[in-house]
Amino acid sequence: MRNFKEKPKVVIIGGGFGGLEAAKRLGNKPFEVILIDRKNHHTFQPLLYQVATAVLSPGEIASPIRRILHRYKNIEVILGEVTDFDLNRKAVKINACPESDDNRCEIFFDYLIVAAGAKHSYFGHEDWEELAPGLKTLEDALEIRRRLLFVFELAEREALLTGIQKPISFAIIGGGPTGVELAGAVAGIARRALAKDFKLIDTTKARVMLFEGASRILSSFDETLSQKAKKQLEDLGVEVYLNSFVKAVERGRILVNDEWIECSAVLWATGVSASPLGKKLGAPTDKVGRVLVNPDLSIPDHKNVFVIGDMAFVKMDNGNPVPGVAPAAIQMAQTVAENIIRDQKGKERKVFKYVDKGSMATIGRNKAIAEIGRIKLSGLIAWLTWLFVHLIFLIGFRNKVSVMIEWIWAYFTRERSARLITGDAEELLKTFASRQNLPTAKR
Ligand SMILES: Cc1cc2nc3c(=O)[nH]c(=O)nc-3n(C[C@H](O)[C@H](O)[C@H](O)COP(=O)(O)OP(=O)(O)OC[C@H]3O[C@@H](n4cnc5c(N)ncnc54)[C@H](O)[C@@H]3O)c2cc1C
């Protein structure tokens, strides 16, 4: 048994981008670090859409947290869901023993770093989630993959059994980076990857519709780039609808502005709400539940409790909030780890300053946009930059190699190697009640 006595104890909630970086920064330093996550793996969320669209397999974009941190002798990883806090007693409650109230379910800390992230929100219509899944976890990606592939399987089966051949259509709601990436990749599956494998239906006729409530997609990018992205999507056959608010989601159809539109599957890529743990800290939050942190990222009245990443609301010098992106979570983690080390050395804490290293979104083969400072890229060069950056940041050497091979394979063959429908396919029928939405037959 290692002796942690005398060392300040740092508890980190979340093994995402923020939590992992904080742990690494405190690794092999004079602290006892405990990282708690409800999953045993770190997920590289920027590539989730590629799992959802059958380019990559789950294991290629996720790594066990215990493995990532194994070389740090002072870090213990615990699998568990944090449910509450007692900040006065410096305790974190986990769901280890739900029947019991005693403190065996509590982990005590000297410092607490909360990095539990955010998820998509349905603006008060949580019942839409079953019909229009969002993309945040590996499970979400697999569910979306199941539905996408099942739509085509069902259509082929119906074409054989009944001769009914009606159009397939996919609706993607939200024209931010995730919606754009999904729309481009879904179009790619339908137009290329599946086209030769289905004999009775013409998968290339599938409609892919992207709905955005604002007047342009990718509104966080420069306007010329969002126009280029729209054009690139349209070149792939995606129908982009702007100023289009989704007001209702029902089985087999959605209400956009005042028009009902039939769709075989709906994917949700808009709205964000911070982890509910933020509210349990008792600190002020904004309307999506992000905690309003102090300049050193601690929370009011508790200098030893920090909130970072997608859960934290911090303003940049220009008055806009720091965006919910991986580099922001990583930079916040670095500031917090340094502040904890500074505390021990009796030094003054640092104020968090976000350094924007640029943003990019991919649309499809040879198609992407990137904005790095004043440099604006689109097309092939932006796409290559996107590939390179994502390979560099993906965790694990084996994953990097494996993903690179998959990408090269997919580029030259246009094949999607992870086209598996897992679980009970017939169960999916419940989700596709509208069975008229079937594709045009080839012959
Ligand atoms: C589909 C998608 C695509 C994205 N693409 C990009 C991109 O291209 N570039 C980019 O920069 N950013 C991208 N982002 C955003 C980026 O992933 C987030 O900003 C980043 O993950 C935030 O890091 P975080 O540490 O705050 O939270 P996360 O990385 O989300 O980690 C939170 C962790 O906390 C754990 N957790 C949550 N609640 C609990 C609990 N109660 N108890 C225990 N553990 C808990 C979770 O299991 C998770 O491991 C994308 C996000 C999504 C969803």
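Note: the structure precedes this text.
Residues numbered from 1 in each chain as written. Predicted model: local features only at pLDDT ≥ 70, side-chain atom pairs only at ≥ 80, totals over all residues. Heavy atoms only, no water.

So, on to the sheet that holds strand S17 (residues 265-268). Here 4 strands make up an open sheet; going across it, the order is S13-S12-S11-S17 and the pairing parallel. If you trace the sheet from one side to the other, it starts and ends with strand S13 (238-241) and S17, each paired once. For this sheet, the mean inter-axis angle between neighbouring strands, taken without regard to orientation, is 20°. The pairing of strand S12 (residues 207-211) with S13 spans 4 bridges and is classified as parallel. Across the sheet, the residue bridging to Val 208 is Val 238, located in S13. Relative to the sheet, helix H7 (residues 223-235) contacts S12 and S13, its axis offset from that of S13 by approximately 140°. (Pairing = 2+ DSSP bridges. Helix = DSSP H or I, 4+ residues; strand = E, 2+ residues; numbered from the N terminus. Axes fitted to C-alpha atoms, helices over the stretch in contact; angles between N-to-C directions. Contact = heavy atoms within 4.5 Å.)

The next thing to look at is the site of the ligand. In the neighbourhood of the ligand, 28 residues make up the surrounding shell, with Gly 18, Asp 37, Gln 45, Val 82 and Asp 310 lying closest. Contacts to the ligand include Gln 45, whose side-chain N or O atom sits 2.9 Å from an oxygen atom. For the ligand, an oxygen atom lies 3.3 Å from a polar atom in the side chain of Lys 136. Coverage of the ligand by the protein amounts to 88% of the 990 Å² it exposes when considered alone. (Near = heavy atom within 4 Å. Polar contact = N/O pair within 3.5 Å; in protein donor to acceptor, adjacent residues only side chain to side chain. Areas by Shrake-Rupley, 256 points an atom, 1.4 Å probe, with all protein chains shown as cover.)

Glancing now at the pattern of salt bridges. Counted by the stated rule, this structure contains 24 salt bridges. We note a salt bridge from Glu 143 to Arg 147, for which the minimum N-O separation is 2.8 Å. Taken together, the positions of Glu 143 and Arg 147, both in helix H5 (residues 138-162) and 4 residues apart, correspond to about one turn of that helix. On the basis of relative accessible area, Glu 143 is assigned to the partly exposed category, the value being 21%. Salt-bridge contacts for Glu 338 lead to Lys 350; the nearest nitrogen and oxygen are separated by 3.2 Å. Here Glu 338, found in helix H9 (residues 326-344), pairs with Lys 350, found in the loop between H9 and strand S23 (359-364); they are 12 residues apart in sequence, far enough to count as distant. Take Glu 338: its relative accessible area is 30%, and that puts it in the partly exposed class. Through salt bridges with shared partners, a single ionic network connects Asp 86, Arg 89, Lys 93 and Glu 106. (Salt bridge = Lys/Arg side-chain N within 4 Å of Asp/Glu carboxyl O. Buried < 20%, exposed > 50% of the residue type's maximum accessible area, 1.4 Å probe, protein only.)

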